[in-house]
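Structure at a glance
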Amino acid sequence: MRLLIISQVLLLSLVVSGRSTESSCMNMNTPSRPAGAVEDQLFSEKEEAVDSDHKQTDDARAFYSQPLFVFSVVGVLIIAFVTVFFQSYRELEDKVAERTRELDRTQRELEETNRRLRASNEELEAFAYVASHDLREPMRKISAFGQLLQDSLKNKLNEDEQENFAFMISGAIRMQQMIDDLLKYSRLTTRANPAERTDLNVVIKDLGDFELAVQLEETGGTVRVPEPLQSVHADRSQVHQLLQNLIGNALKYHRKGVRPEIVVTSTPQPDRMIRVEVRDNGIGIDEKDLDRIFGMFQRLHSRAECGGTGIGLAVCKKIVMRHGGAISVESAPDQGAIFWFTLPAASEDR
Ligand SMILES: Nc1ncnc2c1ncn2[C@@H]1O[C@H](COP(=O)(O)OP(=O)(O)OP(=O)(O)O)[C@@H](O)[C@H]1O
Ligand SMILES: [Mg+2]
C-alpha cells in the first residue's frame with residue numbers, strides 16, 4: 001500500500017516535470033526565416049502555427065505557475081505522506097498489541113505455574129507434617145519397648161544376638177530423632193509466628209544463659225559481640241533457633257585442644273536487610289562441601305565423632321528463606337568458618 005502511494009506521488013511529480021520540460025523544448029524548436037519569396041506564404045503560415053504554439057506554451061506556463069496548481073501538488077504530497085504515516089502508525093500499533101497479547105499470555109502461564117508450585121509445596125509440607133507427626137508415636141513405642149526387651153533379655157542372648165539387638169534399638173532411636181527433626185522442620189511453616197522487632201543482643205544473651213550454657217561450660221568457649229547488633233524484623237522464636245543452631249555448631253565443631261572463640265557481628269545492607277556473621281575458630285569445612293551442608297540430613301562427620309542428625313543447617317536455611325533472606329558460609333579446613341545470613345532490618349517505627 002505504502003509503495004503504491006509513493007509510486008503514485010512519484011508518477012505525479014514526473015508528469016508535472018515532464019510537461020514543464022516539454023514546454024521548454026518547444027522554445028528551441030522555433031524555425032529560422034527562409035530566403036525564397038515563394039516560401040513566404042508557407043513561412044507566414046508556419047510562423048502563425050509557431051505563434052499559436054508559443055501561445056499554448058505560455059498558457060501552460062501560466063497554468064503551472066497558478067497558485068491553485070501549486071497548492072494541489074503540495075496537497076497531494078501532504079495527503080500521501082499523512083496516509084503513509086498513519087499506515088505505518090497502524091502497523092506499529094498492531095505489532096504492539098500483538099506483543100502485549102503475547103506478554104499477557106506468558107504472564108498468565110507463569111502465574112498458573114506459580115500457583116501449581118505453591119500448591120504442590122503446601123501439599124508436600126502437609127505430608128511431611130502428617131507423616132512425621134503420625135510416625136512419631138509408633139517409633140517412640142518401638143524404641144521404648146525395644147529397650148525394655150533388651151534389658152529383660154540381657155542374660156538370655158549370646159553376644160552376637162545382643163549386639164544385633166543393640167543395633168536395632170539404636171536404629172529405632174535414630175529414626176525417632178529424625179522424625180522429631182522433620183516435624184520441627186515442617187513446623188517452621190505450620191507454627192510460624194508473625195514477624196516482630198527482634199533484638200539479636202537479647203537473643204544471644206538468652207542462648208548463653210540457657211540453651212547453650214552447658215555446651216559453653218563443657219568446651220570453655222566464648223561468644224563475643226564486639227558492637228551492639230542491629231535489630232531485625234522476624235519471627236523471634238525462629239531467630240532464636242537460627243542463632244542457637246549456628247553458635248551450637250561453632251561450639252560443637254571446634255578444634256581439639258583449642259577453645260572455641262565465636263564472634264557475632266551485624267552490618268546493615270543497602271536493601272534494608274541486616275547481614276549477621278557468626279565467625280568461629282573451629283575445624284573449618286572443605287570448599288567442595290560448602291553447599292551440601294545446608295541440605296536435609298547432610299553431615300560431614302560420623303555420629304561417633306559428633307552427635308546430631310544433620311538437620312540444623314537445613315532448619316537455618318528454611319528460616320532465613322521464609323524471611324526473604326540469604327544464608328551461606330565461607331570456610332577452609334582448619335581455618336574456622338564464617339556463617340552469614342541476612343534478615344529484614346527492623347525499622348524505627350516498628
Ligand atoms: N561451624 C562449623 N564448622 C565446621 N563444620 C560445620 C560447622 N557447622 C556445620 N558443620 C558441618 O556441617 C554439617 C551439617 O551441620 P548441621 O548443623 O546441619 O547438622 P549437625 O550439626 O551434624 O546435626 P544437628 O544440627 O541436626 O544436630 C555438620 O555435620 C558438620 O560437618
Ligand atoms: Mg548442627
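Fair warning: this is a prediction, and the values are worked out from it, not measured in the lab.

Calculation rules
- Residues numbered from 1 in each chain as written.
- Chains lettered and ligands numbered in written order.
- Predicted model: local features only at pLDDT ≥ 70, side-chain atom pairs only at ≥ 80, totals over all residues.
- Pairing = 2+ DSSP bridges.
- Helix = DSSP H or I, 4+ residues; strand = E, 2+ residues; numbered from the N terminus.
- Axes fitted to C-alpha atoms, helices over the stretch in contact; angles between N-to-C directions.
- Contact = placed C-beta atoms within 7 Å.
- Near = placed C-beta within 6 Å.
- Nonpolar A, V, L, I, M, F, W, Y, C, P; charged D, E, K, R; others polar.
- Expected span 1.5 Å × (residues − 1).
- Bend = angle between axes of the 7 residues up to and from the residue.
- Buried ≥ 20, exposed ≤ 12 C-beta atoms within 10 Å, placed from the backbone.
- Parallel < 35°, antiparallel > 145°, perpendicular 65-115°, else oblique.

Right, let's talk about the sheet that holds strand β2 (residues 222–224) for a bit. By definition, the strands of a sheet pair up through backbone hydrogen bonds, in either a parallel or an antiparallel sense. One open sheet accounts for five strands, arranged β2-β4-β5-β7-β6; its pairing is mixed. Strands at the two margins of the open sheet, each flanked by one partner only, are β2 and β6 (327–331). Adjacent strand axes in the sheet meet at a mean angle of 20°, parallel and antiparallel pairs treated alike. When β6 meets strand β7 (residues 337–344), the two strands line up antiparallel, connected through five bridges. Its bridge partner being in β7, S328 is matched across the sheet by W340. Across the sheet, helix α7 (residues 236–252) lies against β2, β4 (261–268), β5 (273–280) and β7, angled at about 20° from β5, the strand it touches most.

All right, on to the site of ligand 1 then. Of all residues adjacent to ligand 1, which total 22 residues, the nearest are N249, L300, G308, G312 and L313. For the shell around ligand 1, the secondary structure elements donating two or more residues are α7 and α8 (312–322). Residue composition of the shell around ligand 1, by class: ten nonpolar, ten polar and two charged.

Next up on the list: the environment of S132. For S132, the position within the fold is in helix α3 (residues 67–152). In the structure, S132 is positioned 49 residues away from D181 in sequence and 8.7 Å away in space, judged by C-alpha atoms. Look past the residues within four positions of S132 in its chain and what remains in contact with it is I179, L182, L183 and S186.

A separate point is the pairing of β5. As paired strands, β4 and β5 are joined by six bridges and run antiparallel to one another. Counted as the bridge partner of T267 is R275 from β5. Hairpin connection between β4 and β5: a loop of four residues separates the two successive antiparallel strands, and R272 in this loop has a positive phi of roughly 60°. When β5 meets β7, the two strands line up antiparallel, connected through eight bridges. Paired with V276 across the strands is F341, a residue of β7.

Moving on to α3. In an α-helix, one turn spans 3.6 residues, which is why side chains three or four residues apart end up on the same side. Helix length check: α3, at 86 residues, gives a terminal C-alpha distance of 125 Å against a target of 128 Å (1.5 Å per residue), a fit within 8%. Along α3, the largest kink reaches about 35° and is centred on R136; proline P138 follows within four residues of it. In terms of residue burial, α3 counts as a barely covered element, since only three of its 86 residues are buried. On its buried side, α3 packs onto α4 (159–190).

Let's shift gears to the environment of R299. In this structure, R299 sits in the loop between β5 and α8. Distance from R299 to L313, taken between C-alpha atoms, is 9.8 Å for residues 14 residues apart in sequence. Not counting residues up to four positions away in its chain, the partners in contact with R299 are G308 and G310.

With that out of the way, let us pick up the packing of α4 against α8. For any two helices packed against each other, one specifies the inter-axial angle together with the distance between the axes. Close contact between α4 and α8 brings their axes to 10 Å; oriented N to C, the two are set at 10°. Between α4 and α8, the interaxial angle falls into the category roughly parallel. On α8, the residues touching K184, Y185, L188 and T189 of α4 are A314, V315, K318, I319 and R322. For the contact of α4 with α8, a count of residues per class yields five nonpolar, one polar and three charged.

What follows concerns α8. For α8, the buried fraction is high: nine of the eleven residues fall into the buried class. For α8, every residue scored as buried is listed here: G312, L313, A314, V315, C316, K317, K318, I319 and V320. If you follow the buried residues of α8, they end up packed against α4, α7, β6 and β7. Where α8 ends, the next residue or the one after it, G324, has phi of about 80°, a positive value.

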